[in-house]
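# Commentary on secondary and tertiary structure
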Amino acid sequence: MANALVSIQIIPKTPNGGEDVIPFVDAAIEVIEAAGVKYQVNPLETTMEGGELSALLVIIEKMNQRMLDMGCTSNISQIKIYTRADNQASMEKLTEKYH
């Protein structure tokens, strides 16, 4: 189990303005995938599940850097954090009654 869940919605200001942001969001999700943490893509945000909150925050930092590396002039990251002292933070546990 994990002690933290972090949901992120990344909103890049694309290099040419008015571009489709989906390829940029896809690149941000690739950063999560490369990190090897459990994650779930949802319509308006992506949720990561990890052992330590600090490790998930490093991934977010890398996502933001990826946007800058792709030429985005700025980026907004909206983040939600859920932590548990007993290491029982789980996407499945929080949503089990809906399945």
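Residues numbered from 1 in each chain as written. Predicted model: local features only at pLDDT ≥ 70, side-chain atom pairs only at ≥ 80, totals over all residues. Heavy atoms only, no water.

On inspection of all chains with the given rule, the structure shows 5 salt bridges. One salt bridge in this structure joins Arg-66 and Glu-30, with 3.4 Å as the shortest N-O distance. Of this pair, Arg-66 sits in helix H2 (residues 53-69) while Glu-30 sits in helix H1 (residues 22-35), placing them 36 residues apart in sequence. Note that Asp-86 is salt-bridged to Arg-84, the shortest N-O span being 2.6 Å. The exposure class of Asp-86 is partly exposed, given its relative accessible area of 40%. Given the relative accessible area of 31%, Arg-84 is considered partly exposed. (Salt bridge = Lys/Arg side-chain N within 4 Å of Asp/Glu carboxyl O. Helix = DSSP H or I, 4+ residues; strand = E, 2+ residues; numbered from the N terminus. Buried < 20%, exposed > 50% of the residue type's maximum accessible area, 1.4 Å probe, protein only.)

Right, let's talk about the nonpolar core for a bit. Membership of the largest hydrophobic core comes to 16 residues, with the highest contact counts inside it found for Met-48, Leu-56, Ile-59, Ile-60, Met-63 and Met-67. Taken together, the elements giving at least two residues each to this core come down to strand E1 (4-13), H1 and H2. Discounting chain neighbours no more than four positions away, the residues touching Ile-60 are Val-6, Ile-8, Met-48 and Ile-79. (Core = buried A, V, L, I, M, F, W, Y, C linked by side-chain atoms within 4.5 Å. Contact = heavy atoms within 4.5 Å.)

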